[in-house]
Amino acid sequence: MNNKISYLLNTVRCMHRCNSVLTSKSSATTRKHVLSIGRYRDPLENVNFRKLFLNISPSLLGSPLRFLSQKIDAFSTGAKVQPEKSTEALVSVQAPHSSSELEKLDDSGSFKEKHVVDHSDAFFNSLQKCTCPCDALDLAAESAVSIKHFTNCLTTVWKLFKNLSEDQQRYEKQLIFEHPAFVKLCQQLLRDSRRMTRGDLVFSLHAVVNLGVPQNTLLVQTLVRVCQEKLNQLDNRCISVLATTLAGLDKDKNVSALQAGLQLLVEQRIPSIRDIFILQNLMKCVGKDAPVFLKKKLEMAVLKEIDHLTFPNALRVFLALVAMNYCSIPILNACSKKIQESVHDASFRQLILILEACYSLQYRNVNLFSAVADYVNSTACLWDKRQIFLFLSAFEALGFQPSELMGVFAEKVTEDPEFLNLKNLLIVLRVYSRLNYIPRGQKHLFFETLHNCLNKYLPQMSNTELLRAVYSLCILGYLPHRALDELLQKDSRNEILSDDLYQEQNEMMLRCVRTCMELDSPSFKKPAFVPTENSSSLVSLNLRKAQEALIELLGDENMFQQNVQLPYKYHIDFEIRMDSERKKVLPISATDDHADSSVQRLAFLFVPLSAFCVGTTHPQGKLAMKTRHLNKLGYHVILVLNKKFQEMTNEDAVEFLKGKIYSENSLPFSEVTLQDNN
């Protein structure tokens, strides 16, 4: 009884305060206090506009534990928001129409609303005929009388706004915030948010956030809190809308509390959700910080509906997995297959998003990459150079070499080198050097074009940029002499090495540049013999299998040398010496004094999968440079993919090495690489 009396007294006090505000201020003054928007270029800069929205009371940003309670009043007396709550004494008439229902996302990723209304109602008929956001606001100013009218107007404003171009949106946004009816809409939302249906509530929050009302405003914070109170009443579609809205908000106490409650609700609802569209929205909402068991539950729910995937859904599931930071190979494989089937329907932005998602998830699917590359290559005439350039940059990050597309782009560069500004030049050099691609039939022209561009930008390049450009060309075996001279000046070298942040990386690049200057120089001659430096009999654990196989094959550890350190800081896993006809393996100690012409040196390099371009045995730039230099030093290089070798049985490992050692047709690896390019 005491609680009821206390509640009654608080209510009377609240009504008294509201009445005093209404009598002391005219409606125009109140509107100015609540949402006054001056004629500024950016309406959010208006001081009075911000006054309504940025006066967040401590209770609205209080403890998130308190917010989870269903009994907390969003407009309690402690919140000190009564003036804002009662800015106009509009009578809200409950309309008989049901709330907005969620349909699928359109191509832009925005929600569509299907209004289930009585089409005999003149207001809603007129609302459906609106062609721009201000038309809906004009209609609201003339005839909107209920919260149902206001919320439907607001969602219609957002629906019309999102279909505009970016330039139109900037202009229309100012008109929206300056429109008097927008003031009325915001007032109505603040006053009647707790009496709104669940659909109206979540769609209103979604529209307000996407129209650009700042998150730290009273309006947004109030709607977030009311969503907390009504969380258990939301159906699956409303949860999906709310999840999408929260994914675009920054973390604060209200948002974090609502996300925590939503995560608990999602965990309970997952078994009952059969709509993959809703599932991917929930995946975005739970985010990277969700527990693994919840991510696995969502994964299993998506896999149950995977047969119903469409191309738009496949793309969204890709992006949802990125948002959740969860690499589900079964889901990604299914999505990749659907994307390959419809790759010709994808836009430039969608294809780039797919490639970026693969990089974020560390997902490598050669068939998907090839399908995208083949499609772009077959329609190269429809893409401008910048778009192809961005595709190549995305492929480079993935370690995938789209050779035909790289050839097409090289032709475009040689035909129009003016396209290459300094930033683009550095990226092109990085892409072609890392993926170890030299255009077929136009090697000299391509290098000369890049060299001329580099010389043009020399005066404006920083020393670090100069080092990266020279390093990239050196990896490809081309020496840009003018740039080299400028790079190796004492001042430039000292400045590069003094960069603490990239000191180790810069030292490595400088060392490679000096090595290339010696070994790739036309004046370099193969030495009579190559001295080894501190060779060790110790090998790493992942090479023990190879060591044992060589002992079984050759009979003695003296027949090969392991862990060989060469000049220029090069390293060989195993070295074997044979006669000139490759018929007989010679003991290491017996060949030290032999003339080099009578001895064939084999260098075995056991390399990781990441050293090759994805899906091929084509070496990436650094490995290709090392192979080229070992050839210059007199070695026949044999590359072995260590992962596959470790999977062999002992008998297969011995036979594999035997075939590599005694193969009469074995060529230096640089020649094999050249044949692959051609």
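As shown above, the structure is provided for reference.
Sequence order as written defines the numbering, with residues in each chain counted from 1. In keeping with the model being predicted, local features are shown solely for residues with a pLDDT of at least 70 and side-chain atom pairs are shown and tallied solely at 80 or more, while totals for entire chains, interfaces and linings include all residues. Computation of side-chain values covers all heavy atoms of the structure but excludes hydrogens and water.

A.B. asks: What exactly am I supposed to notice about the packing of helix α18 (residues 329–341) against helix α20 (residues 366–378) here?
C.D. replies: The description of two packed helices rests on the angle between their axes and on the distance between the axes. Only the stretch in contact is used when a helix axis is fitted, and all axes are lines through C-alpha atoms; the angle between N-to-C directions ranges over 0 to 180 degrees. Segments assigned H or I by DSSP are reported as helices when at least four residues long, segments assigned E as strands when at least two residues long, and all are numbered from the N terminus. Taken N-terminus to C-terminus, the directions of α18 and α20 make an angle of 20°; their axes are 10 Å apart at the nearest point. The angle between the axes of α18 and α20 places the two elements in the roughly parallel class. When you trace α18 past α20, the crossing you get is left-handed. For the pair formed by α18 and α20, the contact residues are S336, I339 and Q340 on the first element and N367, L368 and A371 on the second. Basically, the charged four are Asp, Glu, Lys and Arg, the nonpolar ten are Ala, Val, Leu, Ile, Met, Phe, Trp, Tyr, Cys and Pro, and anything else, Gly included, counts as polar. Broken down by class, the residue content of the contact of α18 with α20 amounts to 3 nonpolar, 3 polar and no charged. Here is the rule for angles: anything less than 35 degrees is roughly parallel, anything more than 145 is roughly antiparallel, 65 through 115 is roughly perpendicular, and the remaining ranges are oblique. Each crossing is labelled by how the near helix is turned from the far one, with a counterclockwise turn of less than a right angle marking it left-handed and a clockwise turn marking it right-handed. Residues count as neighbours in contact if any of their non-hydrogen atoms are within 4.5 Å of one another.

A.B. asks: Is there a simple way to think about the packing of aromatic side chains in this case?
C.D. replies: One pair of aromatic rings is described through two measures. These are the centre distance and the angle between the planes. When two rings of Phe, Tyr or Trp (its six-membered ring) have centres within 6.5 Å they constitute a pair, described as stacked for plane angles under 30 degrees, edge-to-face for angles over 60, and tilted for the intermediate range. Counted by the stated rule, this structure contains 20 aromatic pairs. Between the aromatic rings of F318 and Y363, the centroid separation amounts to 6.3 Å while the plane-to-plane angle is 65°, which identifies the pairing as edge-to-face. With F318 in helix α17 (residues 311–324) and Y363 in the loop between α19 (348–361) and α20, the pair connects residues that are 45 residues apart, well separated along the chain. Y363 matches F318 in its accessibility class, with the two residues each being buried. Measuring from ring centre to ring centre gives 6.2 Å for Y375 and W383, while their planes differ by 85°; the resulting arrangement is edge-to-face. Each residue gets one of three labels from its accessible area relative to the maximum for its type: buried under 20%, exposed over 50%, partly exposed in between, using a 1.4 Å probe on protein chains only.

A.B. asks: Teacher, can you tell me more about α19 here?
C.D. replies: Because an α-helix packs 3.6 residues into every turn, residues spaced three or four apart end up facing the same way. Under the 1.5 Å per step criterion, the end-to-end length of α19 is 20 Å for 14 residues, consistent within 8% with the ideal 20 Å. Among the residues making up α19, those that are buried are Q350, L351, I352, L353, I354, L355, A357, C358 and L361. The inward-facing, buried residues of α19 contact α17, α18, α20 and α21 (385–398). Phi turns positive, to about 55°, at Q362, one or two residues after α19. One fewer than the residue count of a helix, multiplied by 1.5 Å, yields its expected span.

A.B. asks: Could you clarify how one ought to interpret the pattern of salt bridges in this entry?
C.D. replies: Any two side chains of opposite charge can pair, so long as their charged atoms come close to each other. A carboxyl oxygen of Asp or Glu within 4 Å of a side-chain nitrogen of Lys or Arg is what we treat as a salt bridge. The full count for this structure, using the stated rule, is 19 salt bridges. K338 is the partner of E341 in a salt bridge, and the nearest nitrogen-oxygen pair spans 3.5 Å. One end of the pair, E341, and the other, K338, are both in helix α18, 3 residues apart, so they sit about a helical turn from each other. Three or more residues are tied together by salt bridges with common partners; here these are E166, D167 and R170.

A.B. asks: Help me understand the environment of F161 in this model?
C.D. replies: Looking at the element boundaries, F161 is found in helix α8 (residues 147–162). For F161, a relative accessible area of 5% corresponds to the buried category. Put simply, F161 and C134 are 27 residues apart on the chain and 9.5 Å apart in space, counted from C-alpha to C-alpha. When residues no more than four places from it in sequence are discounted, the contact partners of F161 are P133, Q169, E172, K173, I176, N210 and L211.

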